[in-house]
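# Descriptive structure summary
What follows is each chain in one-letter form.
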Amino acid sequence: MSKLRVSVWRGAEAGEYRSYEVPRQESQTVLDVVSHIQRYLDPTLAYRFACRVGMCGSCGMSVNGVARWTCRTHVTQVIKGDALEIAPLRNLPVIKDLVADMSGFFDKWAAAKGRFRSNRSRRDDFAVVSPATAERKHADAAIECIGCGVCYSACDVVACNPEYLGPAALNRAWTLVNDVRDNANPERLRAVAGDAGCHACHTHVSCSELCPKHLAPTASIAGLKRAVSLALLKGQL
Amino acid sequence: MQARLWLAQRLAAVVLALCVLVHLITMIYAVRQGLSAAEILGRTRGNLAWFGFYLIFVAAVAIHAPIGLRAVLAEWFSWRGKSLDGALLAFALLLALAGARAAWGVFR
């Protein structure tokens, strides 16, 4: 049976790569590799996963330098020779080994006013939102984000501007800007228009390229830029 | 603030795209026609339309370039705040003055 040479980040912010030999298996995912190390070679290895089928978004890691869901990444897709390098997601503090601290990432969702707000009550009838409207189509295109942090880790603007809200938070804000039931605008537009907001995006498109859900946060951010400009010209900001 | 700057930069970019096009076409025309410097100056001197055109061109440059540079300096050198804005305002004025002087040079 052939072996994989796997370098895994060990430690917190300070640490080092440690090498492991893992048996090569058919249809083996990167998460299988990490699990093998933790179960059979080094039980002190810390990593996160839950569903193993690409639904929860908790197993994001940097594999050979690229942010990915490890559960949906087959070794054959990413291997270089017989080597793999696995690290925690970039742009986030490391708690231990492959576990990144996601709290800052989600704080930015709150800062971008990523929470639905409405003045309707349970006594009101259901809002009727036609799927054919432009707003609903924009929201539909961006709504499937599960908050895995892959786009945030892939973003070079986050890397050089730590205050930047990042693709996921801005993508979330864009879905709510297009939600006709929501009434948190223009405060939301104000929140996403600062030096750390949508205007900081340089359209590198790394987020859209690597999003495991095949969403396009870049397009959402461009939409926010348009919405903010329009609000500005209307004197709403 | 940044939203306004972003919008100003994009609008200046639209103006710049047109100005660069007119400028290049004019240059190519001048070279192909074999116009001398004196002949070119003969056409620009006292011509308010060209003077106005180049003043608009210079204004667009003075708006567009410092805003772009602001983002580069902030991200590459972590230079932010009032000192950066002050320095770039000075840079914008320098571009505007140098450009206006050049436009005036071919007008008077």
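Throughout, a residue's number is its position along its own chain's written sequence, starting from 1. By the order in which they are written, chains take letters starting at A while ligands take numbers starting at 1. Whole-chain, interface and lining totals are the exception, using all residues; otherwise, since this is a predicted model, local features are given only for residues with pLDDT of at least 70 and side-chain atom pairs are given and counted only at 80 or more.

### Focus: the interface of chain B and chain A
Across the boundary between the two partners, chain B contributes 6 residues, which contact 11 residues of chain A. Gly is placed with the polar residues, together with every amino acid not listed as nonpolar (Ala, Val, Leu, Ile, Met, Phe, Trp, Tyr, Cys and Pro) or charged (Asp, Glu, Lys and Arg). Partitioned by chemical class, the residues of the side of chain B that touches chain A number 3 nonpolar, 1 polar and 2 charged. Once C-beta atoms are placed from the backbone, any two residues with those atoms within 7 Å are in contact.

### Points about the sheet that holds strand E1 (residues 3–11) of chain A
Residue and element names in this part refer to chain A. Here, a strand pair is defined by DSSP locating no fewer than two bridges between the strands. Put simply, DSSP marks the helices as runs of H or I at least four residues long and the strands as runs of E at least two long, and each gets a number from the N terminus on. Strand order in the open sheet made by the 5 strands is E2-E1-E5-E3-E4, with mixed pairing throughout. Across the chains shown, the open sheet's two edge strands, defined by having one partner strand only, are strand E2 (15–23) and strand E4 (66–69). Recorded for the sheet is a direction-independent mean angle of 35° between the axes of neighbouring strands. Summarising the sheet, E1 and E2 pair through 9 bridges and their orientation is antiparallel. Note on E2: the bridge partner recorded for valine 6 is tyrosine 20. Helix H1 (residues 30–41) contacts E1, E2, strand E3 (60–63) and strand E5 (83–87) of the sheet and is inclined by roughly 95° relative to E2. All axes are obtained by fitting lines to C-alpha atoms, using only the stretch in contact for helices, and the reported angles, taken between N-to-C directions, cover 0 to 180 degrees.

### Section: the domain arrangement of chain A
Residue and element names in this part refer to chain A. Domain delimitation follows an automatic or database domain assignment. What the domain assignment reports for chain A is domain 1 (3–100) and domain 2 (103–233). The centre of domain 1, based on its C-alpha atoms, is set 29 Å off from the matching centre of domain 2. If you list the elements that add at least two residues to the side of domain 1 that touches domain 2, you get E3 and E4. Within the side of domain 1 that touches domain 2, the residues separate by chemical class into 5 nonpolar, 5 polar and 3 charged.

### Considering the confidence of the model for chain B
All names here are of chain B. Confidence in the prediction for chain B averages 94 pLDDT; 100% of positions are at 70 or higher. One confidence number per residue, pLDDT, is output by the predictor and ranges from 0 to 100. Of all secondary-structure elements in chain B, the lowest mean pLDDT belongs to helix H2 (residues 37–44), at 90, while helix H4 (residues 82–107) reaches the highest, 96. Here the predicted complex carries an ipTM of 0.75, next to a pTM of 0.88.

### Points about the environment of Asp195(A)
Its location among the elements puts Asp195(A) in the loop between helix H8 (187–191) and helix H9 (206–210). Those residues within four positions of Asp195(A) in sequence are excluded, and the remaining contacts are Ala200(A) and Gln2(B).

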